[in-house]
Amino acid sequence: MKTAVCTCDEDDTRARRLAELLDASFLPTEKHRFPDGESGVRVLAPVPADVIVLADLARPDEKFLPLAFLLDVLRELGARRITLVAPYLPYLRQDKRFREGEAVTSCTFAKLLSPFAERLVTIDPHLHRYRRLEDVYALQGDVLSAAPLAGDWIREHVPNGIIVGPDMESEQWVKQAAVRAGVEYVILEKKRRGDRDVSVRLPGGLGDTHQVPVLVDDIISSGHTMAETIGELRRRGFPPPVCIGVHAVFADGAEQLLEATGAGRVLTTNTIAHPRADIDILPLLAAALC
Ligand code: R5P
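What counts as what
Residues numbered from 1 in each chain as written. Predicted model: local features only at pLDDT ≥ 70, side-chain atom pairs only at ≥ 80, totals over all residues. Heavy atoms only, no water. Near = heavy atom within 4 Å. Polar contact = N/O pair within 3.5 Å; in protein donor to acceptor, adjacent residues only side chain to side chain. Helix = DSSP H or I, 4+ residues; strand = E, 2+ residues; numbered from the N terminus. Nonpolar A, V, L, I, M, F, W, Y, C, P; charged D, E, K, R; others polar. Pairing = 2+ DSSP bridges. Axes fitted to C-alpha atoms, helices over the stretch in contact; angles between N-to-C directions. Contact = heavy atoms within 4.5 Å. Core = buried A, V, L, I, M, F, W, Y, C linked by side-chain atoms within 4.5 Å. Buried < 20%, exposed > 50% of the residue type's maximum accessible area, 1.4 Å probe, protein only.

Novice: How do you make sense of the site of the ligand when you look at a structure like this?
Specialist: Looking at the ligand, there are 15 residues lining it, with Arg93, Asp217, Asp218, Ser222 and Thr225 nearest. Contact distances for the ligand include 2.8 Å between an oxygen atom and a backbone N or O atom of Gly223. It is strand E13 (residues 212–219) that contributes the most residues to the shell around the ligand, 3 residues altogether. Residue composition of the shell around the ligand, grouped by class: 2 nonpolar, 6 polar and 7 charged.

Novice: Whenever I open this one, the sheet that holds strand E10 (residues 185–187) confuses me. Can you help?
Specialist: If you walk across this open sheet you meet the 6 strands as E10-E9-E13-E14-E15-E16, and the pairing is parallel. Bordering the open sheet on either side are E10 and strand E16 (277–279), each of which pairs with just one other strand. On average, adjacent strands in this sheet sit at an angle of 35° to one another, irrespective of strand direction. Its contacts with the sheet place helix H4 (residues 147–157) against strand E9 (161–165), E13, strand E14 (242–247), strand E15 (266–269) and E16, and it is angled at close to 160° to E14. Against the sheet, helix H5 (residues 171–181) contacts E9, E10 and E13, and its axis sits at roughly 170° relative to E10.

Novice: Looking at this structure, how should I read the nonpolar core?
Specialist: Formed by 36 residues in total, the largest nonpolar core has its most connected members in Val53, Leu67, Leu74, Leu113 and Tyr137. If you list the elements that add at least two residues to this core, you get strand E1 (4–6), strand E4 (39–43), strand E5 (50–54), helix H2 (60–76), strand E6 (81–85) and helix H3 (105–113). For this core, the element with the highest residue contribution is H2, accounting for 6 residues. Dropping the residues within four chain positions of it, Leu74 is found in contact with Cys6, Leu27, Val43, Val47, Val51, Val53, Ala79 and Ile82. Counting residues in hydrophobic clusters, the runner-up holds 21 residues, among them Leu206, Ala248, Phe250 and Leu258.

This is the structure in structure tokens:
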């Protein structure tokens, strides 16, 4: 039997497209939510030995259990090699105990997910204190990057841009995007005091205010990192910045915040399905999976 692509996402469009790109079959599933809030999953066709499971793990707390049920039943029904494709891998930012008594959730989440698959493929995971996925996940980890795709987008749409990374962690994405786009980049200093309390500092000599700033970061969650950066750039006289986030997490109110602060175009990739997802990562995934 051919490799199959399967998902328990509400919207299976991306999984169906991935199956087409890979010339694999699509393995349909059925999800159910019981009146008491528990969930059920059913696989609706025979299960081959090789299965790729595409999972949208934004807002992971509600999605983790249905995914675990699916991965477990696939194994029971004959899957021998399961590749979990989580284009957005959550729970990586808590990579140390920042305050006494805190759970290191990246570690716990990895322990929960690892036994269900042989391989994990993801895009631009927030690896900061961990160098590699395998430092925390007990399976084969493959890390892809959407930064070159962001660079291609910038080259085409903002050739006079300057790429701005809001903090030191962003340099890994910003540098690659800048090389690909053929433009300069600058990295700011960020201080985070709370979930929605962030400040950034622009370097003194940041030059030509005719250049269009293009903010590039991995995650847009509350939007405060980008909003503070936009505010600082606007005060220095720069035009409305273009904002590119790899992962469109967008907590409630984030998009409105960016608009109110003076963002230009805001766009993301489709690691998480979202109306602002103008950069398609499915071909990148397909190339890594074939
Ligand atoms: C943190 O280091 C990440 O790279 C992002 O900058 C951060 O997650 C963005 O979060 P928010 O939108 O809530 O400021």
